[in-house]
Amino acid sequence: MNEHALSDRLACVGEQIPDQARIADIGSDHAYLPVALMLQNKITYAVAGEVVQGPYDSASKQVRKNGLTEKIVVRLADGLDAVQPADEIDTVVVAGMGGTLIRSILEEGSRKNRLAGVKRLVLQPNVGERTLREWLVDHNFTIIHEVLLEENDKNYEIIVAETGKATYTTQQLFFGPFLLKEKNPVFLKKWQHELNQRQRVVKELEKAKEPPAEKMNELKEQIEWIKEVLA
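The protein is annotated in an unreviewed UniProt entry as SAM-dependent methyltransferase from Enterococcus innesii.

Structure representation (structure tokens):
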């Protein structure tokens, strides 16, 4: 993968970014995404944020190599601390992390008013999608689109949200409102796997002398939801 040939995952993330957006790519790694989008003339400005020195250096080198130092700013910073008011960011991308970590990045950024002026969030959690959807609802973001794709035997969910209040059922937060409606083959394959995993866990827990009742009830409820969706 490079700035000229993104992975399917990153290419799909890029497709969710509005034309001529000003983006902040948090956890940008090699800055492949902002560089690729800038070379395509899809975005007008980008901040590539990295909290670790090595990836920061790699991102800086990538931006310089492509002659984009005036259009892409690389900053060594924790989460949304990479964003400054003068950047006038309207789209924030956080991809390739766990949902809990993405949630904490957004929570801290919101507390520090780093999301002021941001109209769209493009999020790609590797796990923990539900907790992320719950955060969006609690902070007045509406999910406008979702994508579930498979690459190299791994599933990736992309959640696109914009400012605006919305309400969802518990099942919609669990599966994803758009994914639940579409039920594409990747979705069905994923949740068949998840069903099998949960059923194995329940069997193991039942062998314990004192099975954790709360955990058992939660798993059994989720098993019923998944069976209903797969039926």
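Now, onward.
## Topic: the packing of helix α4 (residues 99-111) against helix α5 (residues 129-138)
Relative to each other, α4 and α5 sit at 20°, their axes nearing to 8 Å. In this view, α4 runs roughly parallel relative to α5, as classed from their interaxial angle. Together, G99, T100, I102, R103, L106, E107 and S110 of α4 and T131, L132, E134, W135 and D138 of α5 make up the contact between the two elements. Class assignment for the residues of the contact of α4 with α5 results in four nonpolar, four polar and four charged.

## With respect to the pattern of salt bridges
Counted by the stated rule, this structure contains 14 salt bridges. The partner of D87 in a salt bridge is R75, with the nearest N and O atoms 2.7 Å apart. A residue pair is termed long-range when its members are at least 10 positions apart, and D87 in the loop between β3 (72-76) and β4 (91-97) and R75 in strand β3 qualify at 12 residues. Residues D87 and R75 agree in their burial class; the two are buried. Between E204 and K207 there is a salt bridge, with its nearest N and O atoms 3.3 Å apart. The exposure class assigned to K207 is exposed, which follows from its relative accessible area of 64%. Shared partners join several salt bridges into a network, and the residues in it are D81, E108, R111, K112 and R114.

## So, the side chain of T91
As for its position among the elements, T91 is in strand β4. Residue classification places T91 among the buried positions, given a relative accessible area of 1%. In terms of polar contacts, T91 uses its side chain to reach the side chain of D90, at 2.8 Å. Ignoring sequence-local partners within four residues, the contact set of T91 consists of I17, P18, A21, R22, I23, A24, V118, R120 and V122.

## A short note on helix α8 (residues 185-206)
Relative to the 32 Å expected for 22 residues at 1.5 Å per residue, α8 spans 32 Å between its end C-alpha atoms, a close match to the ideal helical length. Buried residues of α8: V186, F187, K190, W191, E194, L195, R198 and V202, and no others. Buried residues of α8, viewed axially, fall in a sector of 165°; they line one side. Residues P185, K189, K203 and E204 are exposed on α8 and point more than 90 degrees away from its buried face. The elements touched by buried residues of α8 are α5, β6 (141-151), β7 (154-163), α6 (170-175), α7 (177-182) and α9 (213-230). At the N-terminal end of α8, a side-chain oxygen is found 3.0 Å from the backbone nitrogen of V186, two or three residues along, and the residue is N184.

Here is what the cut-offs are and how they apply
Residues numbered from 1 in each chain as written. Predicted model: local features only at pLDDT ≥ 70, side-chain atom pairs only at ≥ 80, totals over all residues. Heavy atoms only, no water. Axes fitted to C-alpha atoms, helices over the stretch in contact; angles between N-to-C directions. Helix = DSSP H or I, 4+ residues; strand = E, 2+ residues; numbered from the N terminus. Parallel < 35°, antiparallel > 145°, perpendicular 65-115°, else oblique. Contact = heavy atoms within 4.5 Å. Nonpolar A, V, L, I, M, F, W, Y, C, P; charged D, E, K, R; others polar. Salt bridge = Lys/Arg side-chain N within 4 Å of Asp/Glu carboxyl O. Buried < 20%, exposed > 50% of the residue type's maximum accessible area, 1.4 Å probe, protein only. Polar contact = N/O pair within 3.5 Å; in protein donor to acceptor, adjacent residues only side chain to side chain. Expected span 1.5 Å × (residues − 1). Arc of directions from axis to C-beta.

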